[in-house]
Amino acid sequence: MTHPFRNALAAVTLGLMFAAPLGAQAEQPLAGSQVVAKAGGDAVVIWDATNWIVQLEPQHIPNPKLLARIKSESGELLLKKAGSLSAAKTLTVKVVYARIGAISKQYNNASFADFERLVSLKAKRSDALKNAAAWGKQFAAGKMPAGVKVTVTGRLPDR
Amino acid sequence: MRSAMRPGFALGLLATAVLTVAAMISLENVAVQAFMPHYERVTTDFSPAYLQRELRTMASLPPQTVFLGDSVLWGYRLAPGQTAVALLRARGCACRNLSFKSGSPANDYALLRLLESYGVRPRKLILEINQRVLNPADASYKSLHPAIAALAAPLLTAQDRAALDAPAAVQNGTISRTMDGLSSLYAMRSDIREHLYGDVDAAPVAASPVRADRFEGTYDLTPLSEANLGVRYLRKTLALARNDNIPVVAFTTPTNHALLHDYIDVPEYRANSAFLKKLVRATGNEVLDLDAAFAARDFIDNDHLTAEGNRKLADRLAPAVAR
Amino acid sequence: MNVPSYQFLAFAAAVAVLINLRATANWRRAVLLVANILFVLTFTHEPLAILPFAALLGLGFVSLKVLEIQKSKALFVGALVVLIAAFCWLKRYTFVPHELFLTYAYLTVGMSYVFFRILHVVIDGYQETLPERVSILSYVNYTLNFTSLVSGPIQLYGDYRRNETTPAPLDLATSARALERIVAGFFKVAIISPALASLQGYFINLLVTAGTPGGRVGCAAAAIFIFPIYLYVNFSGYMDFVIGLARFMRIELPENFDRPFLALGYIEFWGRWHMTLSNWLKTYVFSPLTMGLIRRFPSPDIEAMLGVLVYFVTFFLVGLWHGQTAMFLVFGVLQGLGVSFNKLYQIFMIKRLGRSGYRALCARLLYAAFSRGLTFGWFALSLLCFWSTPAQLREFSALLGTAGAASAAALLLLAASVLLWGLSVLTAWFTREAGRPRSALHSPYARTAWSTALLVIAISITVALNSPAPHIVYRAF
């Protein structure tokens, strides 16, 4: 095998090694259930972000940054659902997470205390479809487009 | 009594105490097995021991019609005698209600596996199909009841165990397991307690206005597919029943369309309902569409029926049960 | 910490082991002091909550010491008045103006029993009938003795002090009997008592829903009949438990019950029921009052009537001690009336038949059965003040009517007469059996098997039902 060919093979292999996680990340589904609670008219999608927040816990991200990331992810979700909810006029993504109560002595599980209604994003479906690419870029950059109304109604758990 | 304890005497007393303990526990076990009632429906925290006893009893009886479902069929906020199954039993049906509050397709599948392993061959299976528990956000979606998880563990595949959650009881410590094995009273304590002290969810709820927005997120309108765990286990349940030659009559859970009109009177909900009915019919079984069959006054909330509602449900199910 | 409970049992076992590690009196006193304080702290950690109780104890000790130094009748009377007033204030008796009450929650567990112990040492200290001067350590250990803090029995200081210096023997036989009592007591409180309470509740509910007058009369009679039995099982079970436990602490607590339902009259009943309480009141109320009145009115003709009056006052106080509300006033009146009527009846019958004639009458089977029934019935009816409210009584009266109420009382009397006659026969047989040297009742193996069986049942049921520590009715007093 010639040197150039070996070098190319090594480069491709290395490239694949670094690209694969990124690719996997891109395809990885959003942790936590996303329930289409209402399909037509003023559609509502509820994202239970509990597992998503728990997964990021080891990274110790400060709450303001975490909230910004949640808003970005919600924006992506809004764009994704806008495509499938054909009967919707507006689309609201509500983000909730489960607050735990006491640990159940019977089942050694955290018992459920309440859902914290954290933040909601609302936009017209037509705007979302029209500006999908631009909004996608803005969400990825952590910015909220002008046509998206963001309402923060709760707070993340104190850590 | 002698004031100086000879070794033989001490041993004799110890032996007396040990034998008495053994005799008392044996007597207790006999008494519990003989006198513990077979309840109209399982309690909320039913124990593996109680379920096992039920399965063994069912195996010794002629084939019965078995009902599998969730809190709707269990009779949330109603006394045991007011449920649809109890009413059918009162009318002469050889029925057994194995539905419980956190019932789901995964639990139905595990229960059917258990019935099979204990030699219970139902005459018919009445299966409640509730879109609510096919919602990934629902607590029952992928959770097995601890008692079912404990008994059905050897029957589930590694894939099942990976997909499903089974809350581990803390009392699965060595002492508790030993006590469960030795004493029927201890093993069935949760059932006895709920029978004596009352099951909190059998108490009628104080009248309060039910608002639709309280149920936002209860039903997921995402199109159902094989990606949904509930759908997969429903399919497995139907396949298992067919394999065992058990006819199935499924019914879609009565849902309060008047209350939830804004949420579920939409094509997406109807499409999911149609998907489920098609799935059942494809296995050669009957399905009753009771989804929009009841008026608002028959409900206490989104899907739990009043006593009158249960009476109507019994009327609707009676012909299918009798066939 | 609830008594009796597994936690209390473990706590007492630990104290018993420690106390018996060394044979010196100082060691025992020190261990008991720590145990008593720790036990009080299980009810509350707040210093403010303990302060009133501690103040009452302090007041008692100060009174005792002042009267040792200054033997003044005025001071003695003043000390008693202050102590009684402090007790009534802290226990929030309804005749004390509400504005004077402390506004925060404070510890009152066992205060009634501690109060009697305080009064006893103060009075006997003044009268110089105590074995010696009371040290602060002995005073605290005597008044706060954790084995009898919550609901008695009311031990006398002399008996306690005797155990302090010369501990009660603890040989194998005594230990075995003490263990038996603990098991039997726990069984009574944890199993039989709640079952009886549930049964009474069942009949009360049935009374409201019963369709026929006969059914209502039966239910009313049953509900009234069961409560005194429940109370006896509950309270005597607690006594068995603590008396058994105290034995391991080398303390002999006095008995509080002596088969009360076999009493042939109300005076005898109160000599067998809650004996330490009635003995205390007889010593410190009945006797002084009788002596005082006889001195004041020395005529022999009215001496007997004075006795009737003093009985009424004494047992009115017995009843009143049980609670702070008007219902307990009624209870007190009924106890007083029961005892004084009994006394009047005795006086009348002795006049008619002479003592031996009266004794012969009391020995007759039917008369004895009826006497027992009447005694039990009166007690049972007076206990309506315990478990029912005026509103409930009105409801029951409306349901039963006058004829129904009278029928229920008659049925109660009949049932009590018959069943207690059966109990007397059983007790007599038991006593005879126990007197036979070769009786199975003496067999250590039979007794071990019996106690073990009770223990297994009690543990099985309490653990299986995850029931909280049993409720002691008298703890509220």
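Rules behind the numbers
- Residues numbered from 1 in each chain as written.
- Chains lettered and ligands numbered in written order.
- Predicted model: local features only at pLDDT ≥ 70, side-chain atom pairs only at ≥ 80, totals over all residues.
- Heavy atoms only, no water.
- Core = buried A, V, L, I, M, F, W, Y, C linked by side-chain atoms within 4.5 Å.
- Buried < 20%, exposed > 50% of the residue type's maximum accessible area, 1.4 Å probe, protein only.
- Helix = DSSP H or I, 4+ residues; strand = E, 2+ residues; numbered from the N terminus.
- Contact = heavy atoms within 4.5 Å.
- Expected span 1.5 Å × (residues − 1).
- Disulfide = S-S within 2.5 Å.
- Salt bridge = Lys/Arg side-chain N within 4 Å of Asp/Glu carboxyl O.
- Buried area = accessible area lost by both parts, 1.4 Å probe.
- Polar contact = N/O pair within 3.5 Å; in protein donor to acceptor, adjacent residues only side chain to side chain.
- Nonpolar A, V, L, I, M, F, W, Y, C, P; charged D, E, K, R; others polar.

1. Focus on the nonpolar core
All names here are of chain C.
Alright, step 1. In this structure, F39, F146 and W270 are the most contacted members of the largest nonpolar core, which totals 130 residues.
Alright, step 2. The element contributing the most residues to this core is helix 9 (residues 213–248), with 20 residues.
Alright, step 3. Residues in contact with W270, not counting those within four places in the same chain, are S278, K282, F315, V318, H322, Q335, V339 and F379.

2. Digging into helix 14 (residues 365–382) of chain C
All names here are of chain C.
Alright, step 1. Over its 18 residues, helix 14 extends 26 Å from the first C-alpha to the last, a length consistent with the 26 Å expected when each residue adds 1.5 Å.
Alright, step 2. By the burial criterion, the buried members of helix 14 are Y367, A368, A369, S371, R372, G373, T375, F376, G377, F379, A380 and S382.
Alright, step 3. On its buried side, helix 14 packs onto helix 9, helix 10 (266–270), helix 13 (326–363), helix 15 (384–387) and helix 16 (390–435).

3. Comments concerning the side chain of B:T306
Alright, step 1. Take B:T306: it is sitting in the loop between strand 5 (286–289) and helix 14 (307–322).
Alright, step 2. Ignoring anything within four residues of it in the chain, the contact list for B:T306 reads B:L78, B:R297, B:D298, B:F299 and B:I300.

4. Considering the state of the cysteines
Residue and element names in this part refer to chain B.
Alright, step 1. Evaluated as defined, the whole model comprises 1 disulfide over all chains.
Alright, step 2. The partner cysteine of C93 in its disulfide is C95, sulfur to sulfur 1.6 Å. With the S-S dihedral at roughly 95°, the linkage between C93 and C95 falls on the right-handed side. Here C93 matches C95 in class, with each residue buried.

5. Points about the environment of C:A190
Alright, step 1. Along the chain, the position of C:A190 falls in helix 8 (residues 172–209).
Alright, step 2. Judged by its relative accessible area of 11%, C:A190 is buried.

6. Some remarks on the pattern of salt bridges
Alright, step 1. In this structure the tally under the stated criterion is 31 salt bridges over all chains.
Alright, step 2. Between C:R272 and C:E268 there is a salt bridge, and its shortest N-O distance comes to 2.9 Å.
Alright, step 3. On the accessibility criterion, C:R272 (16% relative accessible area) is buried.
Alright, step 4. The partly exposed category is assigned to C:E268, whose relative accessible area is 30%.
Alright, step 5. Taken together, the shared-partner salt bridges connect B:R91, B:E308, B:R311 and B:D315 into one network.

7. Details of the interface of chain C and chain B
Alright, step 1. On the side of chain B, 21 residues touch chain C, which itself brings 18 residues to the contact.
Alright, step 2. Summed over both partners, the interface of chain C with chain B comes to about 1700 Å²; 77% of that surface belongs to carbon and sulfur atoms.
Alright, step 3. The interface formed by chain C and chain B holds 0 salt bridges in total.
Alright, step 4. Applying the counting rule to chain C against chain B returns 2 residue pairs in polar contact (both at pLDDT 80 or more).
Alright, step 5. Examining the composition of the side of chain C that touches chain B, we find that 13 residues originate from one element, helix 17 (residues 444–465) of chain C, more than from any other.
Alright, step 6. Here the residues of the side of chain C that touches chain B are counted per class, giving 13 nonpolar, 5 polar and no charged.

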